[in-house]
Amino acid sequence: MFPFSYLPSFFRPRWFYPGFLTPSIGLGDVHSPADVLRHWVTQNGLGVMGGQPGEWPCFCSIEPNSPDDVLTFTDTTSRQFGASQYSGEGFDHPGVQIRIRSGSYIKGYRKAHELKTFLDQVVYLSSVIVEGSEYLIQAISRSSDIISIGQDAPSSATRQFSLNMTMSITVK
């Protein structure tokens, strides 16, 4: 007999329940939420994968020095939305930041606005495949509007913007 089985469910530790660690992204999977979102954005034609020809190359966590017009996806802090009464599983929504860098303020702001509108309207139950693993994006909740970060460097002409969000994502 398994220890703690004699206790009422609200006294049992979370690890008591089978499958406690499996539903959570990041514990058994290899793709970060930022990388999943990057693949989804490129899959929908809002950019191209970094290193490929086209407008708005998308990178994950590393931003190259060139070209000027780049999208960078970075993992940020998650937000916990409680836990299941039955299993004790935590409901975490991982955080992602999209950094938009452009050689022109207007062009950068327009791209940030395009991404913001797209994320607000098209997300519900979107599926994306990353290197053979299929993910389901249930929702994206922006935690900020478009933030103008300013110039890349005092002598640089590039401008930077940021969109911050949390997302609900599962492995299919």
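Rules behind the numbers
Residues numbered from 1 in each chain as written. Predicted model: local features only at pLDDT ≥ 70, side-chain atom pairs only at ≥ 80, totals over all residues. Heavy atoms only, no water. Helix = DSSP H or I, 4+ residues; strand = E, 2+ residues; numbered from the N terminus. Buried < 20%, exposed > 50% of the residue type's maximum accessible area, 1.4 Å probe, protein only. Contact = heavy atoms within 4.5 Å. Areas by Shrake-Rupley, 256 points an atom, 1.4 Å probe, with all protein chains shown as cover. Phe/Tyr/Trp six-rings, centres within 6.5 Å; stacked < 30°, edge-to-face > 60°.

Caption draft 1: Highlighting the overall build of the chain. The helix and strand inventory of the chain stands at 2 helices and 8 strands. Each helix (α) and strand (β) of the chain, taken in turn from the N terminus, gives the series α-β-β-β-β-α-β-β-β-β. Expressed as a percentage of the 172 residues in the chain, the buried residues total 38%. Summarising the internal contacts of the chain: among those between residues at least 6 apart in sequence, 56% fall at separations of at least 24. In the form shown here, the chain has an accessible surface area of approximately 9700 Å², with 54% of it arising from carbon and sulfur atoms.

Caption draft 2: The packing of aromatic side chains, seen in detail. Tallied over the full model, the rule gives 3 aromatic pairs. When the centroid spacing of 5.1 Å and the interplanar angle of 35 degrees are considered together, the rings of W40 and F118 count as tilted. Here W40, found in helix α1 (residues 33-43), pairs with F118, found in helix α2 (residues 105-121); they are 78 residues apart in sequence, far enough to count as distant. A relative accessible area of 2% places W40 in the buried class. Exposure remark for F118: the relative accessible area of 14% places this residue in the buried category. Through successive ring pairs, a cluster of aromatic residues spans Y105, Y109 and F161.

Caption draft 3: Structural context of α1. Counting buried residues in α1 gives 10 out of 11 residues, a clear majority hidden from the surface. Buried residues of α1: P33, A34, D35, V36, L37, R38, H39, W40, V41 and T42, and no others. After α1 finishes, the residue G45 shows a positive phi value of roughly 80 degrees.

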